[in-house]
Amino acid sequence: MEAPKLKKTTGGKLQQFLAIGSLVVLVIFFSIASPNFMQWSNIIGILLSTAVIGILALGATFVIITGGIDLSVGTVMTLSSVMTGIIIVNANLPLIFGIIGGILTGALCGMLCGFAITKLGIPPFVATLAMMMIAKGLALVISDAAPIYFTDHEMFSKIALGTIIPGIDIPNAVLIFFILGIIAAVILSKTILGRFNFAIGSNEEATKLSGISVDRWKIAIYGLAGVFTGIAGVLMASRLNSAQPALGQGYELEAIAAVVIGGTSLSGGKGTIIGTIIGALIMSVLTNGLRVLSIPQEWQTVVVGVVIIFAVYMDILRRRKK
Amino acid sequence: MEAPKLKKTTGGKLQQFLAIGSLVVLVIFFSIASPNFMQWSNIIGILLSTAVIGILALGATFVIITGGIDLSVGTVMTLSSVMTGIIIVNANLPLIFGIIGGILTGALCGMLCGFAITKLGIPPFVATLAMMMIAKGLALVISDAAPIYFTDHEMFSKIALGTIIPGIDIPNAVLIFFILGIIAAVILSKTILGRFNFAIGSNEEATKLSGISVDRWKIAIYGLAGVFTGIAGVLMASRLNSAQPALGQGYELEAIAAVVIGGTSLSGGKGTIIGTIIGALIMSVLTNGLRVLSIPQEWQTVVVGVVIIFAVYMDILRRRKK
Amino acid sequence: SEEESDSSGSADSQGSTDAPAESSDKPYVAIVSKGFQHQFWQAVKEGAEQAAEEFDVDITFEGPESESQVDKQIEMLQAALDKKPDAIGFAALDSQASVGLLETAKSQDIPIIAFDSGVDSDIPLATASTDNEAAAALAADKMAELIGEEGKVALVVHDQTSITGISRRDGFVNQIEERYPNIEIVDIQYGGGDHLKSTDLAKAIMQAHPDLKGIFGSNEGSAIGVINAVQEMNKVGEITLVGFDSGKQQIDAIKNEVMAGAVTQNPMGIGYETVKAAVAAINGETVEKQIDTGFYWYDKENIESEEIQSAIYE
Amino acid sequence: MTKLLEMRGISKAFPGVQALSNVSIDLNKGEVLALIGENGAGKSTLMKILTGIYKADQGEISLNGEKVEIPDTKRAAELGISMIHQELNLMKDLTIAENIFIGREPKGLMNLFIKDHELNQMTRDLFNQLSLDLDPKTKIEQLTIAKQQMVEIAKALSYESKILIMDEPTTALTEPEIDVLFEIIENLKKSGVGIIYISHRMDELKRISDRIAIMRDGEYVDTLKTSETDIKQVIHLMVGREVYVESKPNIQRDDREVVLEMKNVSTNTNVKGVSFALRKGEILGFAGLMGAGRTEVANAIFGIDKIKSGEIYLHGKKVKISNPTQAVQKGIGFLTEDRKHLGLLLDMDVKTNVTLASVQNFQRAGFVQEDKIAKTAEHFVEKLKIKTPSIHQQIRFLSGGNQQKVVISKWLLRDCDILIFDEPTRGIDVGAKGEIYRLLEDLASQGKSIIMISSELPEILRMSHRIAVMSEGRMTGILNALDASQEKIMELATAYRE
Ligand SMILES: Nc1ncnc2c1ncn2[C@@H]1O[C@H](COP(=O)(O)OP(=O)(O)OP(=O)(O)O)[C@@H](O)[C@H]1O
Ligand SMILES: Nc1ncnc2c1ncn2[C@@H]1O[C@H](COP(=O)(O)OP(=O)(O)OP(=O)(O)O)[C@@H](O)[C@H]1O
Ligand SMILES: [Mg+2]
Ligand SMILES: [Mg+2]
């Protein structure tokens, strides 16, 4: 009885291998269509532009696998970067405090969502929508609706844009994204948290009745997603060398889109980190490629829409064949 | 299955009655807090601002009850209003053609989503996300990224802002919203489509096994939601006396929020139209009330977030007591 | 207006914007702007608050989140009317769409002062605005001068459909097309004023056109995106950047010669003049129909001048 | 005479599994054909082919001698074939009436509007015929599994089909409902309906079937006339080996320590002043009719339902258990009766399900020890003879009985002192039942205490040291196994029924 088994075991890998297919096709297409696409600087540009959304999407993957959703990632990211700014610039504390503060802000917001969802019984959509608004408002309130500039803290911009590997021109943000990707993949597939994450998404009631404290794990999962959001916020601030309090809304949809295009099911219980990374890359390759081709912007959105349908459909066809 | 699921027993009707409670509390609070709130013109203003989002939410209710989601309503609404503008202003055809054209545009987009979801097997989130982008791009393309003004078609603005009941100053848009609400409620509770809508959302597999062509009904349901979206587009154009091609993005979240706050479950099978209407009213009363109280704008979003959590929690507590 | 804490009990941190009309005998001016989160609008607000203090009136200031939200702005205007203000300051996202409410205001004898790009109607008693198109044309002239009147340039614009976006784009493009036949506009992209998106977008433009000589960023977010892009692509100095508006990063970039210069309006002046005109209208004084708050080119040379310093904000 | 139905040479392979190979059965008018076989033998698959849910790879189907194609369920219904599925297939948010007549609603005005009044009346009429006492307007989610099963049965009957398939219809039912069902079957036979009846309850076969078709491992074995065979022979053909039949010695455990005691416990659900004590090493059977509240007692112990009044003692100490996590930590395990919704992660694989309740024991520093998990899962697959291609198979693709074995494994692995088994042999074949009985007895002799809720009286009588009988939420008596009998149990079980 290989086949159904194939789906979960070897086939799992095969399938993602094929999902990479869509990505490869896009890359090849754009390389042929424009000589300016396949250049080191552009590749790095694409990766850099994937980093922030990609990291948000990593966190969102955990939440979505529980069968939940997190609409707050965009503005919580903003709140985290503002918090980092306040700690580093306004309070003039060392960078590391700012970084930790930003990440903790994300984690705290995540855990609050988790709390509202589990202990108050608010549906994830509503709880995180509310958090989205709260974080948006708070970011403006605590920053006095003005950007916070890190210009006097030169090291800060190095977090995202410095290069740590000598000789190779890969910005840290890209490295951080891939390292976080690996960490996320390990957490999801090798740890208890990952195991319970899938279990909850697959059948929350049955998981509860197996004696697992679903509430606590869910709060942990939303908190973990918040950590990723916080890191994204710090990177965002570093890359812009400023904390911009009015940014971020709308990023949640892009992050969720990356997750879903990567094959993770919104009804929970199924998903992979590598899929999310590929999903995020598909989105940014597409955006970048169309820009490099100087397609008028209104057509860009149309093309992105069509290609998404197409890519996901290809993926579905392949899986069906199995 | 009995124990954990026993939450829901009687009181379906009672519960909606109580959901109105949150709304009433808000209205009373704002009336006391500001003498400017409880004025005819402000009430009408609130209702008017509920109309468009409310109509989108009516359509979204059907989709959400199937267990799906429609992210495209915002930009499809825009595409519909642009289409109306093109027909009436650019092609100089009679109003009625423009109105029908706008509504058909919505219906067509909805059915395309339904087709992608059922026949191609694309998850609703992805299919409607793609449609969101496609509609957004197309609205800009066909309008040449400029608003289309109905200034030479004086009757057009009467669709939303005229008053059909002599003596009573209620704009048509508000009446249309409530009439559509009644129609939606009747469709949902009294017709075959409504019945199958709940059946699909409740257990799609079992519905299929009962010999019902789920695919066809789903396409019909997305198409119906599209009709509501199209009507919202026409009303929006009429109210602004212009078709604004860049509007709309973000409305999908507001519409879904109204539905979910109204007690419809995103996992499908459960929901009411009256709940959606109340949900939409809660949102717009809140927004308006805070404005009338002159709360600083950044705090407004925070308060809205907190109140949403609170209102939904109250609702949950009440249900639990049952 | 800071001294009074209002009945709703929410507000001290935000200074003067929260003064509710009903709790005070002071005249009340409701300002409905095109935005509120962005630096430009915050600067307008600051100017308005200055004037409010000076003339002892209460104001509120609000605006939608993006310049495409025509309908949200109308709802704000409606709510403002319901608060029975003594005057309204209004920057229309779409004049046509707001005609009805403006007429209501007129019928209630509430004076309207238009600001920013103004309101296309004769109801407002005065308009405190700058000419966006002319300002962008100035940016085009400077760009042309800096790149020797020939070569390829691109635009990163903040909005495809809003008046400010369109008029700055068209002002720039028309000027180039009319005056500088050897300059080619190779790409126009829209980044929504989002710093990060504008950065990625400007990088893609540079990628697509390796021989690009200049980029114009049409507002603060777009300009910063362009600045980030040349820095990340290590092309500082190779590409001439011209910006719009101000803000610390843009000012720094100009001082450091990353950006050649920028055109700024006088947002604080706009806010100030709006409230001032409103107060005059409330007091029954005649007000000047057109209050030109001006725009300025600033670069490394003149940035410290008093005139520029009063127009730019950090 | 032409057969009502003939299935000839049916084969069906799922990727990697040959679920059916060359199976042929036939059915006469007015006959009950029992279809039996071990878990995973292919019974449900064969029937799903007959109702158009699956497409056979090979073979043909004839009705009244005419060859037919059945591409979907709609066609099956048109041909007069309907089926009661093994797994409940109801729309839980809809009412009973809406479920039964879905797709066949009485319509008014332009064929768009549903006449709900008429719909409910139709349902009431149907229920009257079947002497069922349910309100058509009740939502399915408010019904117990047993009642849902009755709705499924009513739904299938409402099609007035010529061929009716019943895939384990009695797993959730107690005697009175079974009596009702069998009466219905007799009536259907009289009106010429052909019935295919799948069950693992061997005692039922003699009562209602005319012939018995036996399958093993996807293959057809034989068809016997019920009147000319004895069950032992049938079982032998079906299992292909001897099954565990040895009956336990009914030793009393009155001298043992009391591990769990309920004193006058009431809940908001359906438990009214229940008291009993469970001793170490004891199997305490819980008997009662459907809705008696046995599951609710278990829910109360396990912290699912809030206790309104009364106390629970564990090892003599008063405890408050407010959620399942605490219950498990205190050494209580609960195998729920609704395995699909409350027992299993259907989309996850066998090994994950088996180890779900004990993951903590398979981790080091938060990392899951996959190899250890795999080894353990392999062990249980072997021990309980779980028919699965591998431990990596998704539970969804296992046959019903094998799914049940996975849930049992989960709790065996957890090593609880007190185990509550709610209908543990639901849908399990005779062979495997024997294995499970042996397991339960082993557990008891190791000193574990077991509450076994079962609706099969013979099972209760055979397994229990003592038998607690409930009626309408009350405990009506606790019998010693030695002097218990079906009659005494039924008497207590109906104590509060009019
Ligand atoms: N959709 C499917 N995909 C893969 N394998 C399947 C599928 N459905 C059934 N099988 C496999 O086919 C075989 C026959 O299953 P079936 O459900 O017909 O057994 P059954 O005789 O009804 O057993 P039980 O008595 O336990 O209900 C089993 O090995 C099962 O795992
Ligand atoms: N008369 C009734 N009206 C409504 N609900 C009832 C009634 N009687 C029982 N119930 C519900 O039925 C359930 C108890 O029945 P259930 O069939 O689970 O009991 P049981 O003794 O465990 O029987 P089973 O052996 O079928 O599990 C509870 O959910 C209870 O609320
Ligand atoms: Mg079966
Ligand atoms: Mg039970």
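Note that the structure is a prediction, hence the values are computed from the model and not measured.

Undergrad: Would you explain the interface of chain A and chain B in this entry?
TA: A common measure of how large an interface is: the accessible area buried when the components associate. Facing 41 residues of chain A, the contacting portion of chain B comprises 41 residues. When chain A packs against chain B, close to 3500 Å² is buried across both sides, 87% of that on carbon and sulfur atoms. The interface formed by chain A and chain B holds zero salt bridges in total. On inspection of chain A and its partner chain B, the count reaches zero residue pairs in polar contact (both at pLDDT 80 or more). Elements that contribute at least two residues to the side of chain A that touches chain B include exactly helix 6 (124–143), helix 12 (251–261) and helix 14 (297–321) of chain A. Counted by class, the side of chain A that touches chain B contains 32 nonpolar, four polar and five charged residues.

Undergrad: Got a minute to help me understand the interface of chain C and chain A in this structure?
TA: The interface is formed by 31 residues belonging to chain C together with 37 residues belonging to chain A. For the pair chain C and chain A, the summed buried surface comes to about 2900 Å²; carbon and sulfur atoms form 47% of the total. Our enumeration of links across chain C and chain A arrives at four salt bridges. If you look at where chain C meets chain A, you find 18 residue pairs in polar contact (both at pLDDT 80 or more). Secondary-structure elements contributing two or more residues to the side of chain C that touches chain A are helix 1 (39–55), strand 7 (183–190), helix 6 (195–208), helix 7 (220–232) and helix 8 (248–255) of chain C. When residues of the side of chain C that touches chain A are assigned to their parent elements, the largest contribution, ten residues, is made by helix 6 of chain C. Among the residues forming the side of chain C that touches chain A, the class breakdown is eight nonpolar, 13 polar and ten charged.

Undergrad: Before we go on, may I ask you to explain the packing of helix 4 (residues 73–90) of chain A against helix 11 (residues 214–240) of chain A in this structure?
TA: Working note: a packed helix pair is described by the angle between its axes plus the distance between those axes. All names here are of chain A. Viewed as axis vectors pointing N to C, helix 4 and helix 11 meet at an angle of 60°, and their least axial separation amounts to 7 Å. Here helix 11 runs oblique to helix 4, going by the angle between their axes. The way helix 4 lies across helix 11 gives a crossing that is right-handed. For the pair formed by helix 4 and helix 11, the contact residues are Val-73, Val-76, Met-77, Ser-80, Ser-81 and Thr-84 on the first element and Thr-229, Gly-230, Ala-232, Gly-233, Val-234, Met-236 and Ala-237 on the second.

Undergrad: How should the coordination of the magnesium ion (ligand 3) be read in this particular structure?
TA: Expected angles at a metal are 109.5 degrees for tetrahedral coordination by four donors and either 90 or 180 degrees for octahedral coordination by six donors. All names here are of chain D. Listed as protein donors to the magnesium ion (ligand 3) are Ser-44 (OG) and Gln-86 (OE1); their distances from the metal cover 1.9 to 2.1 Å. Here Gln-86 lies in the loop between strand 6 (81–84) and helix 3 (96–100) and Ser-44 lies in helix 1 (residues 43–50), a separation of 42 residues in the sequence. Each member of the pair, Ser-44 as well as Gln-86, carries the same accessibility label: buried.

Undergrad: How should the sheet that holds strand 15 (residues 283–288) of chain D be read in this particular structure?
TA: Backbone-to-backbone hydrogen bonds pair the strands of a sheet. The strands run either parallel or antiparallel. Residue and element names in this part refer to chain D. If you trace the six strands from one edge of the open sheet to the other, you get 18-21-22-15-23-24, paired in mixed fashion. In the strand order of this sheet, the two ends are held by strand 18 (332–335) and strand 24 (474–480), each with one partner. Strand after strand, the sheet turns through a mean of 20° between neighbouring axes, direction not considered. Here four bridges tie strand 15 to strand 22 (residues 449–453), and the two strands are oriented parallel to one another. Its bridge partner lying in strand 22, Ile-283 is registered against Ile-450. Where helix 18 (residues 486–493) meets the sheet, it contacts strand 15, strand 23 (466–471) and strand 24, and its direction lies at approximately 35° from that of strand 23.

Undergrad: Mind showing me how you'd approach the pairing of strand 21 (residues 418–422) of chain D here?
TA: For a regular strand, side-chain orientation follows a simple rule: the groups alternate between the two sheet faces. Residues and elements named next belong to chain D. When you tally the buried positions in strand 21, you get five out of five residues, the bulk of the element. Side chains of strand 21 alternate between two faces, with Ile-418, Ile-420 and Asp-422 and Leu-419 and Phe-421 buried alike. As paired elements, strand 18 and strand 21 share four bridges and run parallel to each other. Looking across to strand 21, one finds that Ile-332 is bridged to Ile-418. Pairing analysis gives five bridges linking strand 21 to strand 22, with the strands arranged parallel. What sits directly across from Ile-420, in strand 22, is Ile-451. Handedness of the β-α-β unit built from strand 21, helix 16 (residues 430–445) and strand 22 comes out right-handed.

Undergrad: When you look at the relation of the copies chain A and chain B in this model, what are you seeing that I'm missing?
TA: Superposing the two chain copies requires a rotation about an axis and a translation along that axis. With an RMSD of 0.2 Å, the operation that places chain A on chain B is a rotation of 180° combined with a shift of 0.1 Å along the axis. Here the transformation between the copies is reduced to the relation of a two-fold axis. When the interface residues of chain A are mapped onto chain B, 95% of them are again interface residues, pointing to one common binding face.

Undergrad: Help me understand the nonpolar core, please; the structure alone is not making it clear to me.
TA: What tends to happen in soluble globular proteins is that the nonpolar side chains get buried as a cluster. Formed by 312 residues in total, the largest nonpolar core has its most connected members in A:Phe62, B:Phe62, D:Leu260, D:Phe276 and D:Phe286. Take this core: its biggest share by element is 16 residues, from helix 3 (residues 40–65) of chain A. Mapping this core onto the domain boundaries places at least three of its residues in each of domain 1 (3–239) and domain 2 (258–493) of chain D. In this view, B:Phe62 contacts B:Ala184, B:Ile187, B:Leu188, B:Leu193, B:Asn197, B:Ile221, B:Leu224, B:Phe228 and B:Ile273; residues no more than four positions away in its chain are not counted. Judged by nonpolar contacts, the second largest core, of 36 residues, contains D:Ile84, D:Leu130, D:Leu181 and D:Leu188.

Undergrad: Just checking my understanding: could you explain the sheet that holds strand 12 (residues 295–299) of chain C for this structure?
TA: Residue and element names in this part refer to chain C. Here we have six strands laid out as an open sheet, ordered 7-6-8-9-10-12, and mixed in their pairing. Each end of this open sheet is capped by a strand with a single partner; those strands are strand 7 and strand 12. Averaged over all neighbouring strand pairs, the angle between strand axes comes to 20°, with direction disregarded. Looking at chain direction, strand 6 (residues 151–157) and strand 7 are connected through seven bridges and run parallel. Residue pairing in the sheet places Gly-151 in a bridge with Ile-183 of strand 7. Sitting on the sheet, helix 6 is in contact with strand 6, strand 7 and strand 8 (212–217), with an inclination near 160° to strand 6.

Rules of the game
- Residues numbered from 1 in each chain as written.
- Chains lettered and ligands numbered in written order.
- Predicted model: local features only at pLDDT ≥ 70, side-chain atom pairs only at ≥ 80, totals over all residues.
- Heavy atoms only, no water.
- Contact = heavy atoms within 4.5 Å.
- Buried area = accessible area lost by both parts, 1.4 Å probe.
- Salt bridge = Lys/Arg side-chain N within 4 Å of Asp/Glu carboxyl O.
- Polar contact = N/O pair within 3.5 Å; in protein donor to acceptor, adjacent residues only side chain to side chain.
- Helix = DSSP H or I, 4+ residues; strand = E, 2+ residues; numbered from the N terminus.
- Nonpolar A, V, L, I, M, F, W, Y, C, P; charged D, E, K, R; others polar.
- Axes fitted to C-alpha atoms, helices over the stretch in contact; angles between N-to-C directions.
- Parallel < 35°, antiparallel > 145°, perpendicular 65-115°, else oblique.
- Left-handed = near helix turned anticlockwise from the far one by under 90°.
- Donors = N, O, S within 2.8 Å, 3.2 Å for Na, K, Ca; no water.
- Buried < 20%, exposed > 50% of the residue type's maximum accessible area, 1.4 Å probe, protein only.
- Pairing = 2+ DSSP bridges.
- Right-handed = clockwise from strand over helix to strand, strands pointing away.
- Least-squares fit on C-alpha atoms with pLDDT ≥ 70 in both.
- Core = buried A, V, L, I, M, F, W, Y, C linked by side-chain atoms within 4.5 Å.
- Domains from an automatic or database assignment.

Purely geometric stuff here, so don't read any function into it on its own.
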